Amino acid sequence: MSDVALARRRTRRRVAALGLTVIAGGCWTAAWAQSAAARADSLRLGRASLQALAVAFTAARQEADRSDSLARYRLPRDTVRVGGLVFRVMPAYAPLARNTGTISWEQLDGMFGDAALSLSSHVFVLRDGMTEINRSQGTRTPTVELAEVVDGVISPKHRESVNIAPADLANRVTRLATAELRARQDVALREWLNPMLNPSSPAWADRERTYIELVTADARVSERCFVGDLLRCRQALLITPVADTLSELYDAAGWRRLVQQREGSLRSGRTVPDFDRCVNDSDFQECLALLRHSGVPVAPLGGAARHSLVRTALAAGGRGAYARLTSSSGKPIAERLALTAGVPVDSLVSMWRSAVLAARPVRTGVLPGEAWLAVFWATVLGLVSFGSTRWR
Amino acid sequence: MFKAILFTQWRWGRVLVATCVVAGFAIPVFSVRNAGGGSWNGPMWNALDLLASMQSYGPIYVLLAGFAGIALSTSAWAPDHAGRHVYALSLPLARWHYVLLRYGSGVVLLVPVSLALWIGALVASVSTPLPTGLHAYPGALALRFALASVLSFSVIFAVASGTKRSAGYALAVLLGLVLADLLISLFGGTPVVIESTLGWLFSSSGVFGIFTGRWMLIDV
Amino acid sequence: MALRDRHLAIAVAVACLTIAASFLPPADRNSAFRWGEYFSLERGRSTRGYAGKLEQLARVRAEHLLALQLADSVLRSVPAGAAGEGPLLLYDRRIPPPMRDAFQRALDAQARIVHGPSRRYRTVTAVLVDTITTLAGVSRVALRGASARYLLPELTDGRTCFTLVTITRVNQRLDGEEWRAMEPALLGPCAYYAAFGAPGARVDRWLHQRQFDLAMSAQWDRRAEPIGGGPSWYMGVPPGLAGRLYLLFFQPNYYAPIYQVSFAGFSCAGGDLNSCRALMMTPPDESFQMSSRGNLLVRPNRWYLQTRRRYGLLSDLVAERGRDKFAQFWTSPQPVDSAFATAYGLPIENWTHDWTRATYPGLNEGRDPLLVKSLVGLLLCAAAFGASTAFAIRRQVAY
């Protein structure tokens, strides 16, 4: 009998045993409940025992799943270590793993500092992902998986099902690692940071995007932040609580634009007349009511702004900064960022704002190299025509 | 001598130059026509809309630069070709000297077009109240336009100055690229020769790199 | 001569001044905007435009009513059955036996894919011949082939998900792509109800806001083929080198994947996770969607389904990650993103990124549109001047 069949059988047995236990527990509870005086107590106890059984059941099922997947999970033999990253690879992929690891570790270490070392409890598995294209052309491209090592037992966690171009591999590894670190963040931090931090994208890219957001956002508050109002910056970054986001950060025209942008979700069924009153008749109070009623989350600035702020804090706080950020759960985000950076929050926001303003993406000007290249080619082509003959 | 050549070339191409001058002035002015009032972040039109509108005018600048260069270079040689180059032969000048004079006159005739675009861009950006954080780039736009038009002028000038045989060579190179792709695809490969050649020509380090930058009068 | 140059200079100056005077200073579009006119029916202020819009609205409503009437009359004749039984197929008596068999085979194939332990809803599929030519006083747009509409359980007896397939001709050929596309249409979103039960409240709201566009197909025995990097015939472009040259020089925007994918899709494929999130969390804005309404869904036509691959997105998700996890996501009471993260252990935007990359390979290799436009423009200019030069050379010059 195969490993898989064995594991399944084992799972079935466990589930059956647990089912019997649950029934027995139920009978026991019923017997207990005979006394009318003790009914309330017995119900409470019965519920507790059932809950305990449910917990045990879930744990057993997880254990069964794990043994089931372990039975099918085989790792390649070669091990490659780069920094805190451990790869298990097929021999052909060892050089690729070293390159990938070097790039990836640089990104992870640069952002998370010492906290990145905790990734050594995981292994990244590189193996062949065969597709029809690979088969027909005789080429090979790797897939990457992340597996966790607990007490020497390796269990798969994420499997990237698509094949990856080698050039993309480092980004994938970085992303898987970041997702793993993100899973350990507390909910408040994770929700505030959402979407996930991206160590593969350079810090200036976030700052450039933030600059563009600051000058093009619908919320009035972002414009105030741009001209130097730090309180407004904190509000736009959602680190200073605002009693009412819509009325404090946006003006009436902004409400209307918010509603208009969300036509797909806000103009359906019963809300059609409300939407039309807001957008067509410019009934701003209706816009506000519609936004309030729908409960759509509104943030004056996108994820790039918050990411650039966190990156500023991490850069200021040194190698232990990320650990301080994650270990300070329960405190307000502003305070946590101040702890992370080791400077007061206003200084941090001011640093962030200066960095963002300095990152203004000037791409419209003509670069000297570009201009000289055009002049060069114009001259070359002119010289070519000087060599032409007058005789036809 | 230069004056005489410039004068003849101006005679041949003055309607074209005048048309390009008007177009060069008009495009930037037209591109800001909705951007007034200063009530940014309004319900109908905000900074993002302004940028999108500016972006949509990019190809029009490119077209004008290409058109001006190609039109003037063709008009510089068309009468010579039609007169079977008798005029050039009758002049007491070396060939290179004659070509230089024609080339120089052509470039001089492109100057008013770029100048008109610069003035148009200046007028447009001065009369537009910009939202916080955005900037106008009339100088960079005019410079890019000038370089692009001179470049397209040079390319067609070089082809037109040659004999039929040299034009044939140019055509043969193009056909060779097509054939190469055809052969590659016959043998089951992905035809990439034309794409990669064009990609290089228009890449930032290629011959026509100046055409593919950002043609924005107003940008961040 | 000099006089003519002066005339030219004056004409240029006058033209420039006129342009400057007409367009400067720039108009303030925000204050010039007249409330109530811009988006309303009267915007064009032409009676014909107004009537056209009304007619369109009336037509859509009439189609809905018709679908509901047909469904009502069919459902009244359906015997009450248990929720767990297999899919039920009903026919119009005008449908010939070979066609019935073909439909039955297609439905069986679909049922084999959908089969699962939790059949909390039963599915009823009715195939009717629709020969009505005039509806609400206007003639109907000719419907070719088959079309499918779905009545979600809330619109029926609460535990039946109903598919109404209408065909216009009974002598259709039973092969070809059109027919193959019918198989997933026979159950459509009902397949999800049959296999996974009712969606959790917030997932349900999300699906309704998107008009179930991500759940139009249930083919979770395999992941859909990626849309090729190159052009394809159905876009009217020949394959191979000829197609590439054609696209390069004439219709660069027809490069198939680029043509189909929204800007958000582009940036998602390029790695912008915010866009990936937006793709999933905000409903797409497409005009066909007005034909679906509430719990009555209309299957988009074949062209849409082929080019907008997202209609099979959830099917790909089931195919890739399995039914159990999907069931957990589908029935989760959490908001969509949290439900996804809980079920799959990764953020929804990351999976969307992978899906976009896998579905539209070569998407991020798209050329800079400005480059292509410039190139085409230059080529057109060159061609025009080549032609005019050839013409000019023939003439004698008298300078």
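Residues numbered from 1 in each chain as written. Chains lettered and ligands numbered in written order. Predicted model: local features only at pLDDT ≥ 70, side-chain atom pairs only at ≥ 80, totals over all residues.

**Q** Can you explain the overall build of chain C? Please cite residues and give values.
**A** For chain C, the count of helices and strands is 18 helices and seven strands. Scored against the burial criterion, the 399 residues of chain C give a buried share of 34%. (Helix = DSSP H or I, 4+ residues; strand = E, 2+ residues; numbered from the N terminus. Buried ≥ 20, exposed ≤ 12 C-beta atoms within 10 Å, placed from the backbone.)

**Q** Break down the overall build of chain A for me, citing the residues and quoting the values.
**A** Tallying secondary structure elements over chain A gives 19 helices and five strands in all. Here chain A holds 392 residues, and the buried ones make up 34% of them. Partitioning the intrachain contacts of chain A with sequence separation of at least 6 by distance along the chain shows that 62% fall at a separation of at least 24. (Contact = placed C-beta atoms within 7 Å.)

**Q** I'd love a proper account of the packing of helix α13 (residues 272–279) of chain A against helix α14 (residues 284–294) of chain A, names of residues and values included.
**A** Residues and elements named next belong to chain A. α14 packs onto α13 with a crossing angle of 135° between their chain directions and a minimal axis gap of 7 Å. Classified by the angle their axes make, α13 and α14 are oblique. α13 and α14 meet at a crossing whose hand is left-handed. Across from Asp274, Phe275, Arg277 and Cys278 in α13, the residues of α14 making contact are Glu286, Cys287 and Leu290. Grouping the constituent residues of the contact of α13 with α14 by class yields four nonpolar, no polar and three charged. (Axes fitted to C-alpha atoms, helices over the stretch in contact; angles between N-to-C directions. Parallel < 35°, antiparallel > 145°, perpendicular 65-115°, else oblique. Left-handed = near helix turned anticlockwise from the far one by under 90°. Nonpolar A, V, L, I, M, F, W, Y, C, P; charged D, E, K, R; others polar.)

**Q** Quick rundown of the sheet that holds strand β1 (residues 88–91) of chain C? Include the residues and the values.
**A** Residues and elements named next belong to chain C. A sheet is described by the order of its strands in space; here five strands give the open sequence β1-β2-β6-β5-β7, paired in mixed fashion. Unpaired on one side and paired on the other, β1 and β7 (296–298) mark the two borders of the sheet. The average angle at which neighbouring strand axes cross in this sheet is 20°, direction not considered. Across six bridges, strand β5 (residues 146–151) lies against strand β6 (residues 160–167) in antiparallel orientation. The partner of arginine 149 across the bridge, within β6, is leucine 164. (Pairing = 2+ DSSP bridges.)

**Q** Residues and numbers for helix α5 (residues 138–161) of chain B, please.
**A** Between its first and last C-alpha atoms α5(B) spans 34 Å; for 24 residues at 1.5 Å apiece the expected length is 34 Å, and the two agree. Counting buried positions along α5(B) gives 22 out of 24 residues, so the element sits mostly inside the fold. (Expected span 1.5 Å × (residues − 1).)

**Q** Report on helix α14 (residues 313–321) of chain C, specifying residues and quantitative values.
**A** All names here are of chain C. Here α14 lies mainly inside the structure; eight of its nine residues are buried. Its buried side turned inward, α14 meets α15 (323–330) and α17 (348–359). With its phi angle positive at about 95°, glycine 322 sits one or two positions after the end of α14.

**Q** Lay out the environment of A:Val149 in plain terms, naming residues and giving numbers.
**A** Residue and element names in this part refer to chain A. Positionally, valine 149 belongs in strand β4 (residues 141–150). For valine 149, a count of 13 C-beta atoms within 10 Å gives the class partly exposed. The spacing of valine 149 and valine 123 is 26 residues in sequence and 7.2 Å in space, taken between C-alpha atoms.

**Q** Tell me about the confidence of the model for chain A, and please be specific about residues and values.
**A** The pLDDT averaged across chain A works out to 79; a share of 77% of its residues lies at or above 70. Per-element averaging of pLDDT across chain A places helix α1 (residues 3–32) of chain A at the bottom with 61 and helix α15 (residues 303–317) of chain A at the top with 93. (pLDDT = per-residue confidence, 0-100.)

**Q** How would you summarise the packing of α15(C) against helix α16 (residues 336–344) of chain C if you had to cite specific residues and measurements?
**A** All names here are of chain C. Between α15 and α16, whose axes approach to 8 Å, the crossing angle comes to 150°. It follows from the interaxial angle that α15 and α16 lie roughly antiparallel. The element α15 and its partner α16 pack so that their crossing is right-handed. Here Lys325, Gln328 and Phe329 of α15 come into contact with α16, specifically with Ala339, Phe340, Ala343 and Tyr344. Split by residue class, the contact of α15 with α16 holds five nonpolar, one polar and one charged.

**Q** Can you lay out the confidence of the model for chain C for me, pointing to particular residues and giving the numbers?
**A** Residue and element names in this part refer to chain C. Residues with a pLDDT of 70 or more make up 59% of chain C, whose mean pLDDT is 71. Every residue in residues 31–46 scores below 50 in pLDDT, and together they form 19 contacts with partners more than four places removed in sequence or on other chains. The low-confidence segment residues 395–399 (pLDDT under 50) makes five contacts with residues lying over four places distant or belonging to another chain. Both scores are available for the predicted complex, with the pTM at 0.51 and the ipTM at 0.73.

**Q** Tell me about the nonpolar core, and please be specific about residues and values.
**A** A:Phe124 and B:Leu151 are the most contacted members of the largest nonpolar core, which totals 220 residues. Apart from residues lying up to four places away in sequence, A:Phe124 is in contact with A:Leu85, A:Val86, A:Phe87, A:Val144, A:Leu146, A:Val173 and A:Leu176. (Core = buried A, V, L, I, M, F, W, Y, C linked by C-beta atoms within 7 Å.)

**Q** Can you explain the environment of A:Arg360? Please cite residues and give values.
**A** Its place among the elements puts A:Arg360 in the loop between α18 (345–358) and α19 (368–386). Considering only alpha carbons, one finds A:Arg360 and A:Arg209, 151 residues apart in sequence, at a separation of 8.8 Å. For A:Arg360, the residues in contact, after removing those within four places along its chain, are A:Tyr211 and B:Val220.

**Q** So what's going on with the pairing of β5(C)? Residues and values would help.
**A** All names here are of chain C. Within β5, six of the six residues are buried, which leaves it mostly tucked inside the rest of the structure. On β5, burial covers both faces: Ala146, Ala148 and Tyr150 on one face and Ser147, Arg149 and Leu151 on the other are all buried. Here three bridges tie β5 to β7, and the two strands are oriented antiparallel to one another. Looking across to β7, one finds that tyrosine 150 is bridged to leucine 297.

**Q** Any details on unusual backbone geometry? Residues and values, ideally.
**A** Cis geometry is found at the peptide bond from A:Asn194 to A:Pro195, where omega equals 0°. One can find A:Pro195 in the loop between α6 (187–193) and α7 (203–216). Positive phi, close to 60°, is recorded for A:Leu238, a residue that is not glycine. Structurally, A:Leu238 can be placed in the loop between α9 (230–236) and α10 (245–249). The class for A:Leu238 is buried, based on 20 C-beta atoms found within 10 Å. For C:Gln211, which is not glycine, the phi dihedral falls at a positive 55°. The topology assignment puts C:Gln211 in the loop between α8 (201–209) and α9 (240–249).

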